[in-house]
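Analysis of the macromolecular model
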Amino acid sequence: MTTLAGPVRGAARIVVLSSDPHVVRGSTAEFRHFGASLVLRADVVSALTEVVRDPDTILLVCSDVDCQDMASVLELALATSRSTVLFGVHPAGGLGALGTAVAAGVGGIVDLPVTPERLVTALRDLPVPTTDLPGPVTVGGLVVDRYRHRVELFGTPIPTTPREFDILLALATSYPGVVTLDRLAGGRGRGAGHRASVRVMVAGLRSRFSALAGVARDAVIKTQRGVGYRLGP
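Attention here is on the structure that accompanies the text.

**Observations concerning the pattern of salt bridges**
Evaluation of the coordinates by the stated rule reveals five salt bridges. Arg41 is the partner of Glu50 in a salt bridge, and the nearest nitrogen-oxygen pair spans 2.6 Å. Each of the two residues, Glu50 as well as Arg41, counts as buried. Of the charged contacts in the structure, one is a salt bridge between Arg208 and Glu164, with a shortest N-O distance of 2.8 Å. One end of the pair, Arg208, is in helix α8 (residues 192-213); the other, Glu164, is in helix α6 (residues 162-174), with 44 residues separating them in the sequence. The network of salt bridges with common partners includes Arg13, Arg41 and Glu50.

**Observations concerning the pairing of strand β3 (residues 36-41)**
Taken across its six residues, β3 has six buried, putting it largely inside the fold. Along β3, one buried face is formed by Ala36, Leu38 and Leu40 and the opposite face, lined by Ser37, Val39 and Arg41, is buried too. Relative to β3, strand β2 (residues 12-17) is paired through six bridges, and the arrangement is parallel. Counterpart to Val15 in the pairing with β3 is Val39. Regarding topology, helix α1 (residues 28-33) serves as the crossover connection from β2 to the parallel β3, and that connection is right-handed.

**Details of helix α2 (residues 44-53)**
Buried within α2 we find Ser46, Ala47, Leu48, Glu50 and Val51. Residues of α2 that are buried make contact with β2, β3, β4 (58-62) and α3 (70-80). Its side-chain oxygen at 3.3 Å from the backbone nitrogen of Val45, Asp43 defines the N-terminal cap of α2.

**Quick notes on the sheet that holds strand β13 (residues 228-231)**
Taking strand neighbours across the sheet as the criterion, the three strands line up as β11-β13-β12 in an open arrangement whose pairing is antiparallel. What marks the edges here is a single partner per strand, and that holds for β11 (179-180) and β12 (221-224). Pairing of β12 with β13 involves four bridges; the strand directions are antiparallel. Opposite Ile221, over in β13, you have Leu231 as the bridge partner. Lying on the sheet, α6 is in contact with β11, β12 and β13; it crosses β13 at an angle near 65 degrees.

**Observations concerning the sheet that holds strand β8 (residues 142-145)**
In space, the four strands of this open sheet follow the order β7-β8-β9-β10, with antiparallel pairing throughout. In this open sheet, the two strands that pair with only one neighbour each are β7 (137-139) and β10 (156-157). As judged from the three bridges shared by β7 and β8, these two strands associate in the antiparallel manner. The residue of β8 that forms the bridge with Val139 is Leu142. Helix-sheet contacts for α6 involve β7, β8 and β9 (150-153), and the interaxial angle to β8 is about 115 degrees.

**Let's talk about the packing of aromatic side chains**
Following the criterion strictly, the structure yields zero aromatic pairs and no others. Directly above the ring of Tyr147 sits Arg146, whose terminal nitrogen or CZ lies 4.3 Å from the centroid.

**Some words on unusual backbone geometry**
That bond from Leu112 to Pro113 is cis: its omega, 0 degrees, falls within 30 degrees of zero. Secondary-structure assignment places Pro113 in the loop between β6 (108-111) and α5 (116-124). Although it is not a glycine, His149 sits at a positive phi angle of roughly 50 degrees. Its location among the elements puts His149 in the loop between β8 and β9. The exposure class of His149 is partly exposed, given its relative accessible area of 40%. A positive phi is found at Phe154, a non-glycine position, where the angle reads about 50 degrees. For Phe154, the location among the structural elements is in the loop between β9 and β10.

Definitions and limits used
Residues numbered from 1 in each chain as written. Predicted model: local features only at pLDDT ≥ 70, side-chain atom pairs only at ≥ 80, totals over all residues. Heavy atoms only, no water. Salt bridge = Lys/Arg side-chain N within 4 Å of Asp/Glu carboxyl O. Buried < 20%, exposed > 50% of the residue type's maximum accessible area, 1.4 Å probe, protein only. Helix = DSSP H or I, 4+ residues; strand = E, 2+ residues; numbered from the N terminus. Pairing = 2+ DSSP bridges. Right-handed = clockwise from strand over helix to strand, strands pointing away. Contact = heavy atoms within 4.5 Å. Polar contact = N/O pair within 3.5 Å; in protein donor to acceptor, adjacent residues only side chain to side chain. Axes fitted to C-alpha atoms, helices over the stretch in contact; angles between N-to-C directions. Phe/Tyr/Trp six-rings, centres within 6.5 Å; stacked < 30°, edge-to-face > 60°. Lys NZ or Arg CZ within 6 Å of the ring centre and 35° of its normal.

So far we have only geometry, and geometry alone does not tell us how the molecule works.
Put into structure tokens, the structure is as follows:
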């Protein structure tokens, strides 16, 4: 158990889950300069314990984690975290897990090893949380409730991952306008991986809407070709 930096005022607290003790490259001062406080954990239980203790903690799950089922680890991480879950990819050997992470709905991708520059790029790509909504947002039969983190379609509860919920909230608060793919990908539009992640999550939401609420696959989320998405009709 290695603590790279304690929490600092105004800093993002990030727990790095990795089996590699050298996955972080940079001094404590360098990360503090970029507004990040890092803690390294080698096993899933201790990393999730840190997240439970501090709901604002960001969890970075690295592709080298010693586990048999990465999809289950990511599912548990997303269910536990109230903040953001990132996925770290090793250039050698980590790309195979990238599709699993995208499908799970992670909030962003970080190239490993973790450097201050790479980390701050991923953090800046995260969507800006909406904090000034007075209550649930309703568009037709779709209800997106930020306070209860709940989505309903014609009264039917629709389970979502944190990133799927963020996408629906952005679409609902922008209705009837179109939300660009780059904005849904994180606000800065860096990398095809982020945009592909959005497409995968939209496809999953459409399938769930159809299966659970009995609507046509594209009835709720419409594609604006070459731009992004909007809510129907």
